[in-house]
Amino acid sequence: MDFLNAIIVLFNFTVIPALAYGSQLALGAIFVTLIYAVLRFANFATGDMMSFGTMFAVILTYYFQSLGFGLGVLPTALLTIPFAILMMILYMLMIDKFVFSYYRVKKSPPVQFAMVSVGVMFVTQALIRIIIGPSDRRFLDGEKFIIKATEFKEMTGLAEGITLKSTQAITIIVTLIVVSIMFWFLNRTKTGTSMRAYSDNEDLALLSGIDPKRVVLITWVIAGILATIGGVLYGLDKSYRPFVYFNNMLPIFAAAIVGGIGNPFGAFLGGYVIAFAEIFVTYAYKRFISYLLPEHLEPDSLLQLLSTDYKFAVSFSILVIVLLIRPSGIFKGKVI
Amino acid sequence: MAYFEGAKMTAGYGDGPDIISSCSITANRGEIVAILGPNGAGKSTAMKAMLGLLKLKSGSVTLNGEDISKINPQDRVKKGISFVPQTRNVFAELTVRENLEIGGFLTEGSLENKIESIYSLFPILSEKKSQVVGQLSGGQRQQVALGRALMSDPSVLMLDEPTAGVSPIVMDELFEHIIKVKKTNVAVIMVEQNAKQALSISDRGYVLVTGQNKFEGSGNDLLEDPEVRRSFLGA
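Reading the values: rules and limits
Residues numbered from 1 in each chain as written. Chains lettered and ligands numbered in written order. Predicted model: local features only at pLDDT ≥ 70, side-chain atom pairs only at ≥ 80, totals over all residues. Helix = DSSP H or I, 4+ residues; strand = E, 2+ residues; numbered from the N terminus. Rg over C-alpha atoms; globule rule 2.2 N^0.38 Å. Contact = placed C-beta atoms within 7 Å. Buried ≥ 20, exposed ≤ 12 C-beta atoms within 10 Å, placed from the backbone. Nonpolar A, V, L, I, M, F, W, Y, C, P; charged D, E, K, R; others polar. Pairing = 2+ DSSP bridges. Axes fitted to C-alpha atoms, helices over the stretch in contact; angles between N-to-C directions. Core = buried A, V, L, I, M, F, W, Y, C linked by C-beta atoms within 7 Å. Parallel < 35°, antiparallel > 145°, perpendicular 65-115°, else oblique. Left-handed = near helix turned anticlockwise from the far one by under 90°. Expected span 1.5 Å × (residues − 1). Bend = angle between axes of the 7 residues up to and from the residue.

Asks: Hey, could you run me through the overall build of chain A in this one?
Replies: When you go through chain A residue by residue, the secondary structure sums to 14 helices and two strands. The globule rule puts the C-alpha radius of gyration for 336 residues at 20 Å, and the 21 Å found for chain A is close to it. Considering only C-alpha atoms, chain A reaches an extent of 70 × 55 × 35 Å along its principal axes. When contacts within chain A are restricted to residue pairs at least 6 apart in sequence, those whose partners lie at least 24 apart make up 75%.

Pasting the structure below:
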């Protein structure tokens, strides 16, 4: 029984949160990797673009709530995602037209693009500050839990319980759906094949009649979908703090690079690698161990490898190790 | 007048010096034309000028009597000119079949039939159709490159050193494939370093030196011309 309790503690406090957090990172990492593969630059505005899309979902959620629209047990935010995506795509296309396309025509080096994206990041942050302000907002409504710890304990008679928040379940399910559709699109449709071809060999793609403008457009559309959904899921799960998204860029970039930058499937798995690493390293194992050891051997310390304040050090270490040992990532991406 | 004709072409890269000057190359459907010459003679440049990858300072390019000097490479591809670059001529991260599909994007009609006809021309591609091209051997890759270029049903096929970096056996095999392509009533223009072998399968050949036509004639004439042999074929 103690052994079962130990497993449940671990499952409840590491596996479930890591799956949800990993899904959110995965969406961001695929966004980074797609922009890198097709437009060939590291987009430092990633975090704030995700925040920007989420902002629309938050505003619309408040508006829909005031009108009395809702999805019952599901969060109203899910209803607002399509509209938020639309706004996000419009914003991205506008940025592309007025900023990035100029450098694309000039065939600027990737470093210059990256610096330009830093500029876009500042502008996006400023817009967010003007439109919604920097404060913390909760926009989750509907049923909060699918399984509550107390119910689980009553049901099973165990000392430990499993909590499954509805946002966690929604995050994992929505991510799997979005990512499956995206991979189907990339691998099975003509447009998806053109995108991969353009990413692989631009000159030959042009000679084969692939329209670069269309490829760029589709890339931003997919990026808008990923950024908004990833951002909203993260905001629902935690809360919407506009400038936390900027901090999330480190684990997101780490995920994209671990998976092999330019490789969407790698980025997808990379998200989970980073999330599990971060949570396993910062989790306090005291309760888990105390179930497994006899009573008199119970540890006094928390058995935590690293304080959660330093969780970004985990992504950073993984990033450095991967770049030193296997710069192309787990799955062969483009070597940077 | 020849089917595909580059007449008195003068061109260079950007503002740099002229690489080819007053260079003329023609090809008819159903013949193989080889462009030969020492390094830096402007062979590839002449071919790229005919495709529109660089601007002509003077001269013209015509296809079936129509002047196409002013239109961009993509539109020339739509008109039936296909090009296989010397390097990076396949989508290495994509499968053989996907490479062929992309080659056929510009054309109307059933992709399936065309892919089947490419498979019958290059049986090895049918065997390897789901493999990623990056994993294939050099000779197989060149076949993928040829197959991709043929998917758009071209009337003119331009090959930039199709046998660069492959073994002599594979080279012979590739040349056999090129002869098969020619028999489907396609005008084939190729730049080659392996001059003797290239001339032996070519109907006509051009020898360029410093961007100008130096010799031209049928494949056999060039092979037997003592001056060409001495100065260029090295025998």
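Asks: I keep staring at the overall build of chain B and nothing clicks. Help me out?
Replies: A tally of helices and strands in chain B yields 10 helices and 10 strands. Scaling as 2.2 N^0.38, a compact globule of 235 residues should have a C-alpha radius of gyration of about 18 Å, and chain B matches this with 17 Å. Summarising its shape, the C-alpha atoms of chain B cover approximately 45 × 40 × 30 Å along the three principal directions. The buried share of chain B, reckoned over its 235 residues, is 44%.

Asks: Honestly, the interface of chain B and chain A in this entry has me stumped. Any pointers?
Replies: Each partner contributes residues to the interface: chain B has 17 residues there, and chain A has 12 residues. Elements that contribute at least two residues to the side of chain B that touches chain A include exactly helix H2 (73-78) and helix H3 (96-103) of chain B. Classifying every residue of the side of chain B that touches chain A by side-chain character gives nine nonpolar, three polar and five charged.

Asks: So what exactly am I meant to see when it comes to the pairing of strand E3 (residues 32-36) of chain B here?
Replies: Look at any regular strand and the pattern is simple: side chains alternate between the two faces of the sheet. Residue and element names in this part refer to chain B. Burial analysis of E3 places five of its five residues in the buried class, which makes it a mostly covered element. Burial along E3 is two-sided: the residues Ile32, Ala34 and Leu36 and Val33 and Ile35 are all buried. Relative to strand E8 (residues 187-191), E3 is paired through four bridges, and the arrangement is parallel. Paired with alanine 34 across the strands is methionine 190, a residue of E8. Alignment of E3 against strand E9 (residues 204-209), held across four bridges, turns out to be parallel. Looking at the pairing, isoleucine 35 lines up with tyrosine 206 of E9.

Asks: Sorry if this is basic, but what is going on with the sheet that holds strand E4 (residues 56-63) of chain B here?
Replies: Sheets are built from strands that pair by backbone hydrogen bonding, the pairs being arranged parallel or antiparallel. Residue and element names in this part refer to chain B. Here four strands make up an open sheet; going across it, the order is E2-E1-E4-E5 and the pairing antiparallel. Each edge of the open sheet is held by one strand with a lone partner, namely strand E2 (20-27) and strand E5 (66-67). Of the strand pairs in this sheet, strand E1 (residues 4-11) and E2 are connected by five bridges, and their pairing is antiparallel. By the bridge assignment for E2, glycine 6 is matched with isoleucine 25. Packed onto the sheet, helix H1 (residues 43-51) meets E1, E2 and E4 and runs at close to 115 degrees relative to E1.

Asks: Please explain the sheet that holds E9 of chain B as it appears in this structure.
Replies: All names here are of chain B. Judged by pairing direction, the sheet is mixed, and its six strands sit side by side in the order E6-E7-E8-E3-E9-E10 without closing on themselves. A single partner strand is all that each edge strand has here, and the edge strands are strand E6 (81-84) and strand E10 (212-218). This sheet shows a mean twist of 15 degrees between the axes of neighbouring strands, independent of strand direction. One ladder, built from six bridges, connects E9 with E10; its direction is antiparallel.

Asks: Looking at this model, I keep getting lost on the nonpolar core. Mind explaining?
Replies: For soluble globular proteins, nonpolar side chains are generally found buried alongside one another. If you look at the biggest cluster of nonpolar residues, it comprises 150 residues, and the most contacted ones within it are Ala26 and Ala255 of chain A together with Ile35, Ala46, Met158, Val188 and Ile189 of chain B. Counting residues per element, this core draws most heavily on helix H1 (residues 2-39) of chain A, which supplies 16 residues. Ignoring sequence-local partners within four residues, the contact set of alanine 26 of chain A consists of Thr175, Val179, Ala255, Ala267, Phe268, Gly271 and Tyr272 of chain A.

Asks: What exactly am I supposed to notice about the packing of H3 of chain B against helix H6 (residues 138-150) of chain B here?
Replies: When two helices pack together, their arrangement is given by the angle between their axes and by how far apart the axes lie. Residue and element names in this part refer to chain B. Following both chains from N to C, one finds H3 and H6 inclined at 30 degrees, their axes separated by 7 Å at the closest point. Looking at the two axes, H3 sits roughly parallel to H6. Note that H3 runs across H6; the crossing there is right-handed. Contact with H3, carried on its side by Val96, Asn99, Leu100, Ile102 and Gly103, involves Val144, Gly147, Arg148 and Ala149 of H6 and no other residues of that element. When its residues are assigned to classes, the contact of H3 with H6 shows five nonpolar, three polar and one charged.

Asks: So what exactly am I meant to see when it comes to the packing of helix H6 (residues 166-188) of chain A against helix H9 (residues 212-237) of chain A here?
Replies: Residues and elements named next belong to chain A. Relative to each other, H6 and H9 sit at 170 degrees, their axes nearing to 9 Å. On the basis of the axis angle, H6 is roughly antiparallel to H9. On H9, the residues touching Thr167, Gln168, Thr171, Val174, Val178 and Met182 of H6 are Ile222, Ile229, Leu233, Leu236 and Asp237. Looking at the contact of H6 with H9, its residues break down into seven nonpolar, three polar and one charged.

Asks: Help me understand the environment of methionine 121 of chain A, please; the structure alone is not making it clear to me.
Replies: All names here are of chain A. One can find methionine 121 in helix H4 (residues 110-131). Through-space distance from the C-alpha of methionine 121 to that of glycine 47 is 8.2 Å; in sequence the pair is 74 residues apart. Residue contacts for methionine 121: discarding those within four places in its chain leaves Phe44, Ala45 and Asp48.

Asks: What's the story with H1 of chain A in this structure? I'm lost.
Replies: Side chains three or four residues apart in an α-helix point the same way, a direct result of the helix having 3.6 residues per turn. Residues and elements named next belong to chain A. Counted at 1.5 Å a residue, the expected span for H1 with its 38 residues is 56 Å, and the 53 Å between its end C-alpha atoms agrees. Its axis deflected by about 40 degrees at phenylalanine 11, H1 carries its strongest bend there. Phi for arginine 40, located one or two positions after H1, is positive at around 65 degrees.

Asks: Can you walk me through the environment of glutamate 108 of chain B in this structure?
Replies: Here glutamate 108 of chain B is to be found in the loop between H3 and helix H4 (111-121). In this structure the C-alpha to C-alpha distance between glutamate 108 of chain B and serine 152 of chain B, which are 44 residues apart in sequence, comes to 9.0 Å.

Asks: It is not clear to me how the environment of alanine 18 of chain A should be interpreted in this structure. Could you clarify?
Replies: Along the chain, alanine 18 of chain A turns up in helix H1. The spacing of alanine 18 of chain A and valine 215 of chain A is 197 residues in sequence and 34 Å in space, taken between C-alpha atoms.

Asks: How do you make sense of unusual backbone geometry when you look at a structure like this?
Replies: In most cases, non-glycine residues show a negative phi, while peptide bonds are predominantly trans. For lysine 107 of chain A, which is not glycine, the phi torsion reads 55 degrees and is therefore positive. A tally of 7 C-beta atoms within 10 Å means that lysine 107 of chain A is categorised as exposed. One non-glycine residue with positive phi stands out, namely glutamate 161 of chain B, at about 45 degrees. Exposure remark for glutamate 161 of chain B: the 21 C-beta atoms within 10 Å place this residue in the buried category.

Asks: Which parts of the structure should I look at to understand the pairing of E4 of chain B?
Replies: Residue and element names in this part refer to chain B. Pairing of E1 with E4 involves six bridges; the strand directions are antiparallel. Paired with alanine 7 across the two strands is serine 60, which belongs to E4. Across two bridges, E4 lies against E5 in antiparallel orientation. Counted as the bridge partner of leucine 63 is glutamate 66 from E5.

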